[in-house]
Amino acid sequence: MSSQVAGDLALIESGPCSLRWGGSLLGHTMEGVRLNMGTDLRKRMADEFGTNAANMVHQGDNIEVSTTVAELSLLVMTAVFSWGYDFNAELYGWGALPGQISDDVAETLIVHPLSELANTSRDVTFWKMVPTNVQEVEFGSALQDKIFGVTWGTVIDESKSDGYLLARMGLPEPEVPDGAFALSDGSPFQLSDGSYFVL
């Protein structure tokens with residue numbers, strides 16, 4: 001029987017994924033990996049139309065990745081507690097002076113569906129991620145594991161092109177040929193067919 005909603009059940013996906021932080025796998029996760037992609041829109045109002053939105057202006061994107069990493073390792077600790085902390089194989093330190101910026105701690109985060117095996121075409125790559133929130137860690141109970149709930153947020157990578165400033169999923173971003181004509185802001189001039197004007 002064909003679908004009455006023109007659906008394809010084969011397109012419904014599920015299953016665990018791996019997390020690669022700064023080039024290294026973070027190990028086991030619990031409770032899945034959640035991706036929250038929020039668009040920041042500003043309503044443009046006009047007196048003629050009162051409080052009805054006359055238009056909306058895109059101001060940016062807020063992307064967060066949340067998960068619970070389960071292994072007490074140096075890599076996990078540095079990925080979760082990046083801001084102002086000092087870690088090595090023998091010592092964990094907390095309590096740095098303020099003033100760090102995201103460039104000091106940001107790393108690339110790659111989310112890879114395990115069902116894809118070695119195929120990376122479905123990977124989601126976030127160029128620069130920083131931990132923005134760490135949940136309470138249970139250190140005093142034999143009934144619970146010492147797991148680390150963490151949320152990472154994205155910051156832009158200025159070396160990437162428009163549309164790819166925060167992340168990429170699937171096919172690589174288009175390559176800009178050498179000698180491509182650039183606008184006054186430094187961005188490449190792209191023709192309506194997606195090609196570039198080369199000098």
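Data block above holds the structure.
Just so you know, these numbers come straight off a predicted model, no measurement behind them.

### Details of the nonpolar core
Stage number 1. Ranked by internal contacts, the top residues of the largest apolar core, which has 24 residues, are Leu 26, Leu 109, Phe 126, Phe 148 and Trp 152.
Stage number 2. Put simply, the parts of the chain that give this core at least two residues each are strand E1 (17-21), strand E4 (53-69), helix H1 (74-80), strand E7 (107-113), strand E8 (124-134) and strand E9 (148-154).

### Considering the pairing of E4
Stage number 1. Taken together, the 15 bridges between strand E3 (residues 29-45) and E4 define a ladder with antiparallel strand orientation. When the sheet's bridge partners are listed, Asp 40 is paired in E4 with Gly 60.
Stage number 2. The sheet contact formed by E4 and E9 spans six bridges and is antiparallel. Pairing of Thr 67 across the sheet is with Val 150, part of E9.

### Section: the pattern of salt bridges
Stage number 1. Per the counting criterion, the structure on display carries one salt bridge.
Stage number 2. With a closest N to O distance of 2.7 Å, Lys 128 and Asp 103 form a salt bridge. You can see Lys 128 sitting in strand E8 and its partner Asp 103 sitting in helix H2 (residues 102-105), a full 25 residues away along the chain.
Stage number 3. We classify Asp 103 as exposed; its relative accessible area is 51%.

### Notes on the pairing of E7
Stage number 1. The pairing of E1 with E7 spans five bridges and is classified as antiparallel. Bridging across to E7, Cys 17 finds its partner in Pro 113.
Stage number 2. Pairing between E7 and E8: four bridges, direction antiparallel. By the bridge assignment, Ile 110 is partnered in E8 with Thr 125.

### Things to note about the environment of Arg 44
Stage number 1. Turning to its location among the elements, Arg 44 is positioned in strand E3.
Stage number 2. Under the relative-accessibility criterion, Arg 44 is labelled partly exposed at 41%.
Stage number 3. Residues Arg 44 and Asn 55, spaced 11 residues apart in sequence, show a C-alpha to C-alpha distance of 5.1 Å.
Stage number 4. Once residues within four sequence positions are removed from consideration, Arg 44 is found in contact with Ala 53, Ala 54, Asn 55 and Val 57.

### A short note on the packing of aromatic side chains
Stage number 1. All told, the structure shown has three aromatic pairs when counted by the stated rule.
Stage number 2. Look at Trp 21 and Trp 152: their rings are 5.6 Å apart centre to centre, the planes differ by 25°, and that puts the pair in the stacked class. With Trp 21 in strand E1 and Trp 152 in strand E9, this pair connects stretches of sequence that are 131 residues apart.
Stage number 3. Centroid distance Phe 81 to Trp 94: 5.8 Å. Interplanar angle 85°. Geometry classified as edge-to-face.

### With respect to the environment of Asn 36
Stage number 1. By secondary structure assignment, the location of Asn 36 is in strand E3.
Stage number 2. As for Asn 36 and Gly 153, which are separated by 117 residues in sequence, their C-alpha atoms are 9.7 Å apart.
Stage number 3. Sequence-distant contacts of Asn 36, that is, excluding residues within four places in its chain, are made with Asn 62, Ile 63 and Glu 64.

About the criteria used
- Residue positions are given per chain, counting from 1 as you read along its sequence in written order.
- The predicted origin of the model limits local features to residues at a pLDDT of at least 70 and limits the giving and counting of side-chain atom pairs to 80 or more, whereas totals for whole chains, interfaces and linings rest on all residues.
- Where side-chain values are given, they derive from all heavy atoms of the structure, hydrogens and water being excluded.
- The definition of a nonpolar core used throughout is a set of buried Ala, Val, Leu, Ile, Met, Phe, Trp, Tyr and Cys residues joined through side-chain atoms within 4.5 Å.
- Relative accessibility thresholds used throughout: buried, under 20% of the residue-type maximum; exposed, over 50%; partly exposed, between the two (1.4 Å probe, protein chains only).
- Strands are runs of DSSP state E lasting at least two residues, helices are runs of H or I lasting at least four, and both sets are numbered from the N terminus onward.
- A strand pair is defined by DSSP finding two or more bridges across the two strands.
- Salt bridges are defined by distance alone: a side-chain nitrogen of Lys or Arg within 4 Å of a carboxyl oxygen of Asp or Glu.
- Note on contacts: a residue pair qualifies if any of its non-hydrogen atoms lie within 4.5 Å across the two residues.
- Any Phe, Tyr or Trp ring, taking Trp's six-membered ring, that has another such ring centre within 6.5 Å forms a pair; planes under 30 degrees apart are called stacked, those over 60 apart edge-to-face, and the others tilted.

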